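Observations on the model geometry
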Amino acid sequence: MNDEDLVRSALEVARLAPRTGDVPIGAVVYDPDGVELARACNAREALGDPTAHAEVLALRAAAAAFGDGWRLNGCTLAVTVEPCTMCAGALVLARVARVVFGAWEPRTGAVGSLWDVVRDRRLNHRPEVVGGVLADECATLMESFFTDM
């Protein structure tokens, strides 16, 4: 799969998410061979959990499925919006090899916009980052959600 296919899968998750009042963000984790391990959408409102971001939920499920404990070595995380600081920290700690995302998030983004947590030279793991993939489509989904609120 190419990067656009990866983000399209994350968009599918975000679009099909239950209407719980959660921001429509989707995340999918793939193993090193490109096999899908897990997918999730935001569920903070649904679960009453401030950490229930799409990325964190997908990373948890992927770690359970991957079979290397908590490590996701060689895996790719695709997400519709640039990860925040919590999610960026989680993907670094999980040893994700690549993060591919759609829309940039200049107010909270932590993989290049506001902060660049994942490429901090002080960390022992720094994943590859590919941003802006299908950015307009991902941004439109977010804009529609906030317009309809």
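In this report, the structure presented in the accompanying data block is examined. What you see is a predicted model; the values in this text were computed from it and never measured. (Residues numbered from 1 in each chain as written. Predicted model: local features only at pLDDT ≥ 70, side-chain atom pairs only at ≥ 80, totals over all residues. Heavy atoms only, no water.)

With that settled, consider the pattern of salt bridges. Under the criterion given, the structure shown has 10 salt bridges. A salt bridge links Arg15 to Glu137; its shortest N-O distance comes to 2.8 Å. Here Glu137 lies in helix H5 (residues 135-148) and Arg15 lies in helix H1 (residues 3-15), a separation of 122 residues in the sequence. Its relative accessible area of 40% is what places Arg15 among the partly exposed residues. Judged by relative accessible area, which is 33%, Glu137 ranks as partly exposed. Between Arg122 and Asp120 there is a salt bridge, and its shortest N-O distance comes to 2.5 Å. Arg122 gets classed as exposed once you look at its relative accessible area, which sits at 75%. Among the ionic contacts, a cluster of salt bridges with common partners joins Asp3, Arg98 and Glu128. (Salt bridge = Lys/Arg side-chain N within 4 Å of Asp/Glu carboxyl O. Helix = DSSP H or I, 4+ residues; strand = E, 2+ residues; numbered from the N terminus. Buried < 20%, exposed > 50% of the residue type's maximum accessible area, 1.4 Å probe, protein only.)

Quick look at H1 now. Between its terminal C-alpha atoms H1 stretches 18 Å, which fits the 18 Å expected from 13 residues at 1.5 Å a residue. Taken together, the buried positions of H1 are occupied by Leu6, Val7, Ser9, Ala10, Leu11, Val13 and Ala14. Buried residues along H1 sit against strand S1 (26-30), strand S2 (36-41), strand S3 (76-81), strand S4 (98-103) and H5. Its side-chain oxygen 3.0 Å from the backbone nitrogen of Glu4, Asn2 forms the N-cap of H1. (Expected span 1.5 Å × (residues − 1). Contact = heavy atoms within 4.5 Å. Polar contact = N/O pair within 3.5 Å; in protein donor to acceptor, adjacent residues only side chain to side chain.)

We now examine the sheet that holds strand S5 (residues 128-130). Whenever strands of a sheet pair, they do so through backbone hydrogen bonds, lying parallel or antiparallel. Reading across from one edge, S2-S1-S3-S4-S5 is the order of the 5 strands in this open sheet, with mixed pairing throughout. On the outer flanks of this sheet lie S2 and S5, each paired with one strand and no other. Recorded for the sheet is a direction-independent mean angle of 15° between the axes of neighbouring strands. Across 5 bridges, the pairing between S3 and S4 is parallel. What sits directly across from Ala78, in S4, is Val100. In this fold H5 packs onto S3 and S4, with an angle of close to 60° to the strand it touches most, S4. (Pairing = 2+ DSSP bridges. Axes fitted to C-alpha atoms, helices over the stretch in contact; angles between N-to-C directions.)

Our next topic: helix H3 (residues 54-66). Across its 13 residues, H3 extends 18 Å between first and last C-alpha, which sits within 8% of the 18 Å expected from 1.5 Å per residue. Looking at the buried residues of H3, the elements they touch are S1, S2, S3 and helix H4 (85-93). Once H3 ends, the next one or two residues include Gly67, with phi positive near 85°.

All chains considered together, the criterion is met by 2 aromatic pairs. With 4.8 Å between their ring centres and 85° between their planes, Phe101 and Trp104 make a pair best called edge-to-face. For Phe101, a relative accessible area of 0% corresponds to the buried category. Owing to a relative accessible area of 42%, Trp104 belongs among the partly exposed residues under this scheme. Between Phe145 and Phe146 the ring centres are 5.0 Å apart and the planes differ by 80°, which places this aromatic pair in the edge-to-face class. Using a relative accessible area of 18% as the deciding quantity, one classes Phe145 as buried. (Phe/Tyr/Trp six-rings, centres within 6.5 Å; stacked < 30°, edge-to-face > 60°.)

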